[in-house]
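Tertiary structure, described
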Amino acid sequence: MAGPRWDVIVVGAGPAGCHAAWELGRKGWQVLLVDRASFPRWKPCAGGITAKAEPYLPPELRDLFEREMSEAVISYGPGLVTRVRSSRPVGWMVHRETFDAAHLELVRTLQRVDVMEGCTVRGVIETAHEMILDTSCGELHGRTLVGADGVESRVRKALFPGEEREVAATYEMEARLPHREEGPATALFDLEAFPGGYGWAFPKRLTCSIGGYVEGGSGSGRRAIRRLERFISRWPQLEDTAPVRSRGYRIPVGGSRARLNTNRAVLAGDAADTVDPVTGEGISYALMTGHFAAAAIDAMLRSGRPLDGYTLRVWWKIHAPFVLARRLSDLLFHHPRSAMKYLFRNRQVCGWFVQVIRGEMGYPGLLARAAALAPVFMPSHVSGSEVTFDVP
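The sections below set out a description of the structure shown in this document. (Residues numbered from 1 in each chain as written. Predicted model: local features only at pLDDT ≥ 70, side-chain atom pairs only at ≥ 80, totals over all residues. Heavy atoms only, no water.)

Right, let's get into the packing of helix H9 (residues 347-358) against helix H10 (residues 363-373). The N-to-C vectors of H9 and H10 enclose an angle of 170°; their axes lie 9 Å apart at closest approach. Judged on the interaxial angle alone, H10 and H9 are roughly antiparallel. Counting all contacts with H9, which are made through Gln348, Trp352, Phe353 and Val356, the residues of H10 involved are Tyr363, Leu366, Arg369, Ala370 and Leu373. Of the residues contributing to the contact of H9 with H10, the split by class is seven nonpolar, one polar and one charged. (Axes fitted to C-alpha atoms, helices over the stretch in contact; angles between N-to-C directions. Helix = DSSP H or I, 4+ residues; strand = E, 2+ residues; numbered from the N terminus. Parallel < 35°, antiparallel > 145°, perpendicular 65-115°, else oblique. Contact = heavy atoms within 4.5 Å. Nonpolar A, V, L, I, M, F, W, Y, C, P; charged D, E, K, R; others polar.)

Shown next as structure tokens:
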């Protein structure tokens, strides 16, 4: 056989792929990490990392946290606003261009991990004994494979051709702030701004990620741009931002029963559809699936354990709760007035949402408590156009 052969080839050097390569390299396996981009590269993303990611974040990456998230504004336009303040951080803001580059450099320090940037995967073949990748860098051979190459995953398309997936669309603009911001940041979610979804703004130190999320819609075109411009013009804190770059892209919607492994390969991150259907959060779940993927591949290489347990683990830990989250997203995005009236004007419900984002409660727990409270729900039992709820 010509050329080297690795124990594991990881395709995609985002959070899922880097974390899988990091853990497998530290376990002693010879790993090749490939990505079609050259780093640093711009990654359209709001850049919010929730507290759920803490167990999987290397300490070295914490220096890349730009601002703490402990407050959010949830609104139906500027006229109906709920401000939720958490006594503890719900997460942190990062700039994906610098965060992902630093993550890759950390992985590159491991002696057993090789990195190929600017290497595009064109095809994948699985045999009884190995994975063979046809790439722009030549033919690559590995005993196993982790496909962590995003929503447009070439690995997934090769291993599971013709499979249908549910995706949402987003259009994002990165804007420069008029002055440097420090201290805790306030995330903004406007349920009126984008029909079938919401507008959002995540401020960092020097920039702000501003965009719109729409279920099953188009993430580009003049309509998305007009809605984004209108969204920005209606919020005073966004009016002085200066656009730097923008792009439309797709987001996979979690809650799928799709198979995420073959005999020698697993899918992770966006390639495995592990994005929260309500918040659009993906980084913490990407890191989580990178951890699960590394554990499954390690067990398979050491003892021949089948990889089927990986799909089951991701289902129970991530996708099964997301099935319920999809029902909640239907209410939020298609009946936003009712969502504001019955949910986000209720102190108790807002507290539960904060617990979900911090990872202290799942969507099943939130919906079960909301169902128990439903008989005594009162529509908007707080007065005023803006209310503030403090959450322990």
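Having seen it, we continue.
Attention shifts here to empty space enclosed by the protein. Summed over all chains, the structure comprises one cavity of 30 Å³ or more. Its boundaries defined by the atoms lining it, the largest cavity holds a volume of some 70 Å³. Of all the secondary-structure elements, those providing two or more residues to the lining of the largest cavity are helix H2 (96-108) and strand E11 (167-176). The residue inventory of the lining of the largest cavity, partitioned by class, reads three nonpolar, three polar and six charged. (1 Å grid on protein atoms, 1.4 Å probe; cavity = no way out; pocket = protein on both sides within 12 Å on 5 of 7 lines; lining within 4 Å. Points joined across faces, edges and corners; volume = space filled by probe spheres on them.)

Right, let's talk about the side chain of His141 for a bit. Structurally, His141 is set in strand E10 (residues 138-147). Accessibility expressed as a relative area gives 6% for His141, which makes it buried. Here the side chain of His141 touches Glu139 through a polar contact of 2.9 Å, side chain to side chain. (Buried < 20%, exposed > 50% of the residue type's maximum accessible area, 1.4 Å probe, protein only. Polar contact = N/O pair within 3.5 Å; in protein donor to acceptor, adjacent residues only side chain to side chain.)

Okay, H2 next. Here H2 is 13 residues long and its end C-alpha atoms lie 18 Å apart, about the 18 Å a rise of 1.5 Å per residue gives. Considered for burial, the residues of H2 that qualify are Arg96, Phe99, Asp100, Ala101, His103, Leu104, Leu106 and Val107. Structurally, H2 contributes buried residues whose contacts are with helix H1 (15-26), strand E2 (31-34), strand E3 (48-50), strand E7 (113-116) and helix H6 (283-303). (Expected span 1.5 Å × (residues − 1).)

Here the focus is the packing of aromatic side chains. Overall, the coordinates contain 10 aromatic pairs when judged by the stated rule. Consider the rings of Phe65 and Trp92, whose centres lie 4.8 Å apart with planes at 10°: the pair is stacked. Remark: Trp92 occurs in strand E6 (residues 91-93) and Phe65 occurs in the loop between E3 and strand E4 (67-75); sequence separation between them is 27 residues. Given the relative accessible area of 12%, Phe65 is considered buried. Between Tyr198 and Phe333, the ring centres sit 5.5 Å apart and the planes meet at 35°, which makes this aromatic pair tilted. Within this pair, whereas Tyr198 is found in strand E13 (residues 197-203), its partner Phe333 is found in helix H7 (residues 308-334), the two being separated by 135 residues in sequence. (Phe/Tyr/Trp six-rings, centres within 6.5 Å; stacked < 30°, edge-to-face > 60°.)

Glancing now at the nonpolar core. Core analysis: the largest hydrophobic core is formed by 112 residues, its most contacted members being Leu33, Leu133, Leu145, Val146, Tyr310 and Phe344. A total of 12 residues in this core trace back to one element, the largest contributor, which is H6. When sequence neighbours within four positions are dropped, the list of residues in contact with Leu145 reads Ile9, Val11, Val124, Met131, Leu133, Val155, Arg264, Ala265, Val266 and Ile297. Ala175, Phe231, Ile232 and Trp235 belong to the second largest nonpolar core, which has 19 residues in total. (Core = buried A, V, L, I, M, F, W, Y, C linked by side-chain atoms within 4.5 Å.)

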